[in-house]
Amino acid sequence: MKQKRLMLLGGLPYLLPIIEEAHRLGVYVITADYLPNNIAHKYSDEYCNVSIVDKEAVLQAALELQINGILSHAVDPGVVAAAYVAEKMGLPFQCSYEVACILQDKSKFRQFLSENGFNTPHARGYGNLREALRDVDFFTWPVIVKPVDSAGSKGVSKVESSEHLAEAVKIALDASLSKKFVIEDFLNLEGYQSSADVFTVDGKLVYSTYSDQLFDSNAENPYTPAIEIWPATMPQYYQNELTSELQRLFTTLDVKSGIYNVESRVCTNGKVYIMEVSPRGGGNRIAELQDMATGQCLIRNEILKALDMPMNKIASPIYEGVWCNYILHTNEAGILHAIHIDEQFRREHIRSMGLTKSPGDKVEVFMGANQSLGTLFLQFDTREQLNEALVNQDKWLKICLE
């Protein structure tokens with residue numbers, strides 16, 4: 001049998017478990033982006049130098065390399081190109097190219113949600129500040145300003161009044177590839193926002209789960225996720241409602257099989273909101289943690305789906321204990337000297353370390369996921385034990401800068 005060939009867009013460390021699992025399946029892996037020194041290229045079988053936001057260039061490369069499947073796992077900028085290539089080459093993908101364009105554009109997605117009766121904040125997209133200033137009376141202030149096409153909370157700002165809109169728009173445009181931004185009403189959160197990976201099979205949501213996403217209030221960007229905890233403390237009836245609404249969304253969009261990163265929340269008005277749905281695995285190793293914590297196989301199934309191979313059975317997960325994805329970060333810039341972790345804590349609670357920075361590397365202030373130093377997967381018997389560890393993290397973790 002001819003060896004299957006899988007193209008992965010991007011070269012970040014998040015792709016390493018995908019490459020490893022693909023190799024276990026006997027798959028030939030091609031990684032593609034315009035940065036040949038990215039770490040994933042050292043572990044793939046072949047590297048292709050191409051901009052992953054140029055869908056025509058990616059398609060041409062994919063045709064020349066005769067790929068059998070394509071993924072943009074945890075790499076947000078490549079999702080639209082991956083959907084485009086899959087559609088043009090008749091390869092499996094979570095959704096059509098048209099749907100991917102809706103899901104990957106926050107302005108289009110808000111409009112779609114509104115037109116189809118989903119809970120969504122008032123929102124409009126713009127290309128410049130002048131357009132936005134004409135609409136200041138449309139919104140209920142404060143508002144959130146976001147790039148329409150970024151992930152990891154890059155370029156996101158809360159704005160209390162129109163007088164401060166210009167600075168937020170500049171920040172959003174600087175983080176946007178398309179140079180467009182969306183403004184939406186600020187929603188008051190009840191409990192915690194959720195960010196988790198789900199999975200559909202032939203359009204049916206067979207694997208649904210939710211997390212508690214926490215933020216560092218001392219960070220320069222207080223909307224950048226710093227901690228994610230499974231299972232969620234969200235009341236079950238809200239989880240059930242969100243799952244029902246997600247299924248309605250997937251049915252309306254006529255999706256197929258695959259992984260999706262979903263951000264959702266419950267607000268103080270008692271309503272549930274689907275905030276973002278992206279046809280890819282989430283960043284910060286979310287699928288990897290969920291697989292480790294539940295014994296399921298999101299990553300393997302996503303590879304099998306992409307290559308049109310029979311998938312393993314998958315169902316909504318049950319967690320063994322309480323799991324935490326701790327995003328290592330610092331609120332100071334400098335040169336990393338060392339990351340010290342208490343040995344007893346490491347033995348008892350750390351299940352995986354995925355460091356992206358080494359001593360001597362330059363580190364930046366935590367403004368988005370791309371400024372993290374890596375991730376720690378923590379496991380505890382109870383949420384109370386985890387909460388105590390997070391409150392007293394200075395007792396087991398020290399990040400030293402020069």
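Residues numbered from 1 in each chain as written. Predicted model: local features only at pLDDT ≥ 70, side-chain atom pairs only at ≥ 80, totals over all residues. Heavy atoms only, no water.

By the naming in an unreviewed UniProt entry, the protein chain is ATP-grasp domain-containing protein, taken from Bacteroides uniformis.

## Considerations on the environment of Asp 308
Assignment of secondary structure puts Asp 308 in the loop between helix H10 (298–306) and strand S15 (322–328). As a C-alpha pair, Asp 308 and Leu 91 span 217 residues in sequence and 7.7 Å in three-dimensional space. (Helix = DSSP H or I, 4+ residues; strand = E, 2+ residues; numbered from the N terminus.)

## Points about the nonpolar core
The biggest cluster of nonpolar side chains holds 79 residues, and the ones touching the most others in it are Met 7 and Val 277. Two domains each donate at least three residues to this core, and these are domain 1 (5–91) and domain 3 (189–401). Leave out the neighbours within four places in its chain, and Met 7 touches Ile 30, Ala 32, Val 58, Ala 61, Ala 62, Leu 65, Ile 67, Gly 69, Ile 70 and Leu 71. (Core = buried A, V, L, I, M, F, W, Y, C linked by side-chain atoms within 4.5 Å. Buried < 20%, exposed > 50% of the residue type's maximum accessible area, 1.4 Å probe, protein only. Domains from an automatic or database assignment. Contact = heavy atoms within 4.5 Å.)

## Here's the deal with the domain arrangement of the protein chain
According to the domain assignment, the protein chain contains domain 1 (5–91), domain 2 (122–185) and domain 3 (189–401). Placing a centre on the C-alpha atoms of domain 1 and another on those of domain 2 gives a separation of 32 Å.

## A word on the pattern of salt bridges
This model, assessed by the stated rule, comprises 17 salt bridges. Residue Arg 346 is joined to Glu 343 by a salt bridge in which the shortest nitrogen-to-oxygen separation is 3.4 Å. With Arg 346 and Glu 343 both in helix H11 (residues 343–349) and 3 residues apart, the pair spans about one turn of that helix. In this structure Arg 346 comes out as partly exposed when scored by relative accessible area, which is 27%. Look at Glu 343 and you get partly exposed, because its relative accessible area is 45%. Linked through salt bridges whose partners overlap, the residues forming this network are Glu 20, Glu 21, Arg 24 and Arg 300. (Salt bridge = Lys/Arg side-chain N within 4 Å of Asp/Glu carboxyl O.)

## Some points on the packing of helix H1 (residues 16–24) against H10
At their nearest, the axes of H1 and H10 sit 10 Å apart, and the two run at 65 degrees to each other. One element, H1, and the other, H10, form an angle in the roughly perpendicular class. The hand of the H1/H10 crossing is right-handed. Contacts from Pro 17, Ile 18, Glu 21, Ala 22 and Arg 24 of H1 reach H10 at Ile 299, Arg 300 and Ile 303. Here the contact of H1 with H10 is built from residues that sort into 5 nonpolar, no polar and 3 charged. (Axes fitted to C-alpha atoms, helices over the stretch in contact; angles between N-to-C directions. Parallel < 35°, antiparallel > 145°, perpendicular 65-115°, else oblique. Left-handed = near helix turned anticlockwise from the far one by under 90°. Nonpolar A, V, L, I, M, F, W, Y, C, P; charged D, E, K, R; others polar.)

## Quick notes on unusual backbone geometry
The omega angle of the peptide bond from Trp 141 to Pro 142 is 5 degrees, so this bond is cis rather than trans. Along the chain, Pro 142 falls in the loop between helix H6 (129–133) and strand S6 (143–147). Cis geometry marks the peptide bond from Trp 230 to Pro 231; its omega dihedral reads -5 degrees. Mapped onto the elements of the fold, Pro 231 is located in the loop between strand S12 (225–230) and helix H8 (236–253). In this structure, Ala 74 takes a positive phi of about 60 degrees despite not being glycine.

## Some remarks on the environment of Glu 46
With respect to the element layout, Glu 46 can be found in strand S3 (residues 46–49). Sequence separation between Glu 46 and Ile 30 is 16 residues; the distance between their C-alpha atoms is 4.7 Å. Apart from the residues lying within four places of it in its own chain, the contact partners of Glu 46 are Arg 5, Tyr 28, Val 29, Ile 30, Thr 31 and Leu 65. For Glu 46, the side chain forms a polar contact with the side chain of Tyr 28, separated by 2.8 Å. (Polar contact = N/O pair within 3.5 Å; in protein donor to acceptor, adjacent residues only side chain to side chain.)

## Here we look at the packing of aromatic side chains
Inspection of every chain in the model, using the stated rule, returns 8 aromatic pairs. Seen in terms of ring centroids, Phe 138 and Phe 139 are 5.0 Å apart; in terms of plane orientation they differ by 85 degrees. Their pairing is edge-to-face. Judged by centre distance (4.7 Å) and plane angle (40 degrees), the rings of Phe 250 and Tyr 260 are tilted. In this pair, Phe 250 is assigned in helix H8 and Tyr 260 in strand S13 (residues 258–266), connecting sequence segments 10 residues apart. (Phe/Tyr/Trp six-rings, centres within 6.5 Å; stacked < 30°, edge-to-face > 60°.)

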